[in-house]
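Architecture and fold: a report
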Amino acid sequence: MSDGGMAEEVVVPTTSLIVLPDNVSFSVGVLTEPLAVLIHAFRKAGWSPDTKNDSSVVIFGAGTIGLMGIVAASRFGVTNVAISYRHQFQADVAKRIGKLVGVLVETIPHHEVVSYFEGREKPDLILETVGGKANTAVESVDIISPGGTIVILGLFDHDAPRPHLFPIVCKEVAILGSNCYDRSHSTSDFLLSLSILSEHGESLHSCLVSHSFSLEQAEEAFAVAASKENEKALKVVFTLDE
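So, here is what we can say about the structure in this document. Keep in mind it's a predicted model, so treat the numbers as computed, not measured.

One key point about sheets: their strands pair by backbone hydrogen bonds, in either a parallel or an antiparallel sense. A sheet is described by the order of its strands in space; here 6 strands give the open sequence β3-β2-β1-β4-β5-β6, paired in parallel fashion. In this open sheet, the two strands that pair with only one neighbour each are β3 (104–109) and β6 (174–177). Between one strand and the next, the sheet's axes are offset by a mean angle of 20°, whatever the strand orientation. With 6 bridges connecting them, strand β2 (residues 80–85) and β3 associate as parallel partners. Residue pairing across strands places Val81 opposite Val105, the latter belonging to β3. Here helix α3 (residues 64–75) sits on the sheet and contacts β1 (57–60), β2 and β3; the angle it forms with β2, its principal contact strand, is near 175°.

In this section: the nonpolar core. Ranked by size, the top nonpolar core spans 47 residues in total, and within it Leu67, Ile70, Ile97 and Leu127 carry the most contacts. If you tally residues by element for this core, the top one is helix α8 (residues 189–208), at 7 residues. Apart from residues no more than four positions distant in its own chain, Leu127 is found in contact with Leu38, Ala41, Phe42, Val58, Ile59, Phe60, Val151 and Leu153. One finds Ile108, Ile126, Ile143 and Ile152 within the second-largest nonpolar core, a separate group that totals 14 residues.

Within the secondary structure layout, Val114 lies in helix α5 (residues 113–116). By relative accessible area, which is 28% here, Val114 ends up partly exposed. Placed 25 residues apart in sequence, Val114 and Glu139 show a C-alpha to C-alpha distance of 6.5 Å. Apart from residues lying up to four places away in sequence, Val114 is in contact with Glu139 and Ile143.

Taken together, the side chains of Met6, Leu215, Phe222, Phe238 and Leu240 define a hydrophobic patch exposed on the protein surface, amounting to about 560 Å² of accessible area. Among the secondary structure elements, Phe238 is positioned in strand β8 (residues 235–238). Judged by relative accessible area, Phe238 falls into the partly exposed class, the value being 32%.

Now for the layout of surface pockets. Quantified by volume, the second largest pocket comes out at close to 260 Å³. In terms of lining residues, the second largest pocket is bounded by 14 residues, among which Ser56, Asn80, Ala82, Glu106 and Tyr116 are the most central. Residues belonging to the lining of the second largest pocket are distributed by class as follows: 9 nonpolar, 2 polar and 3 charged.

In this model, Asp50 sits at a positive phi of 60°, which is unusual for a non-glycine residue. Tracing the backbone shows Asp50 in the loop between α2 (32–44) and β1. Accessibility expressed as a relative area gives 56% for Asp50, which makes it exposed. Non-glycine residue Cys180 carries a positive phi angle of around 65°. Mapping Cys180 onto the fold places it in the loop between β6 and α8.

Moving on: the pattern of salt bridges. In the structure shown here, the tally under the stated rule is 5 salt bridges. We note a salt bridge from Lys52 to Asp54, for which the minimum N-O separation is 3.5 Å. Like Asp54, Lys52 is exposed. One salt-bridge network, in which partners are shared between bridges, spans Lys133, Asp157 and Asp159.

Turning our eyes to something else, we now look at the environment of Leu20. For Leu20, the position within the fold is in the segment before α1 (26–29). The class of Leu20 is partly exposed, set by a relative accessible area of 25%. Through-space distance from the C-alpha of Leu20 to that of Ala137 is 36 Å; in sequence the pair is 117 residues apart. In this structure Leu20 touches Ser25, Phe26, Gly29, Thr32 and Leu194, once residues within four positions along its chain are discounted.

As a packed pair, α3 and α8 sit with axes 11 Å apart at the nearest point and diverge in direction by 140°. With respect to each other, α3 and α8 are oriented oblique. Relative to α8, α3 is oriented so that their crossing is right-handed. Seen from α3, the contacting residues are Leu67, Met68, Val71 and Arg75; seen from α8, they are Leu192, Ser195, Ile196, Leu204 and Leu208. Here the residues of the contact of α3 with α8 are counted per class, giving 7 nonpolar, 1 polar and 1 charged.

Conventions adopted
- Residues numbered from 1 in each chain as written.
- Predicted model: local features only at pLDDT ≥ 70, side-chain atom pairs only at ≥ 80, totals over all residues.
- Heavy atoms only, no water.
- Pairing = 2+ DSSP bridges.
- Helix = DSSP H or I, 4+ residues; strand = E, 2+ residues; numbered from the N terminus.
- Axes fitted to C-alpha atoms, helices over the stretch in contact; angles between N-to-C directions.
- Contact = heavy atoms within 4.5 Å.
- Core = buried A, V, L, I, M, F, W, Y, C linked by side-chain atoms within 4.5 Å.
- Buried < 20%, exposed > 50% of the residue type's maximum accessible area, 1.4 Å probe, protein only.
- Patch = residues over 30% accessible without salt bridge, like charges linked within 9 Å, V, L, I, M, F, W, Y side chains within 5 Å.
- Areas by Shrake-Rupley, 256 points an atom, 1.4 Å probe, with all protein chains shown as cover.
- Salt bridge = Lys/Arg side-chain N within 4 Å of Asp/Glu carboxyl O.
- 1 Å grid on protein atoms, 1.4 Å probe; cavity = no way out; pocket = protein on both sides within 12 Å on 5 of 7 lines; lining within 4 Å.
- Points joined across faces, edges and corners; volume = space filled by probe spheres on them.
- Nonpolar A, V, L, I, M, F, W, Y, C, P; charged D, E, K, R; others polar.
- Parallel < 35°, antiparallel > 145°, perpendicular 65-115°, else oblique.
- Left-handed = near helix turned anticlockwise from the far one by under 90°.

That's the geometry; what it means functionally is another story.
Put into structure tokens, the structure is as follows:
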């Protein structure tokens, strides 16, 4: 990874450019990248889009990436998703997105996830989107079903709690890292993302984009993004003239 994303001008290869469909505005187009991240995660787990899937899915974290997991799940045939949250407004948005894309969403406070699955059917797939210093990697191993898959998207600190190897071996758990997206499929992660946004983009924008700022308001924008609870911030964007 290199610096340059905050520069006034950035040089990229033309192969990295994707033209937005006529029915996807710039404001909706900002959701293409985070949704592509989740599409890539499902594909890393070996799942294919547009196929019926009876597997159970748990998402750790209800930020933009975690919430996009609900959207991606619908395209991969999932009808039920459980998602953990820290703030109530995140749970409310998760429910709204579930209704929009036809997924039944169960919201669980972060600190109750492990106890919630005691005596219940364990998930087949877990998407971890929290990272940092969270205990979610350990909790994922605790609740995953035997033979299940855990996909790690969150970026953890070096001193974050780490799961023990014993239950990973005993339950034959597959733990995979998922980094951004790629073009290894006939329909790239970005193009599949855009096909979803062509159908649900405007509604998803109203659910996920909590704040918009001009470039001149950059300092305020970063402060709002860092204050999730007080500002009820989800996706914070900059607005440019189209």
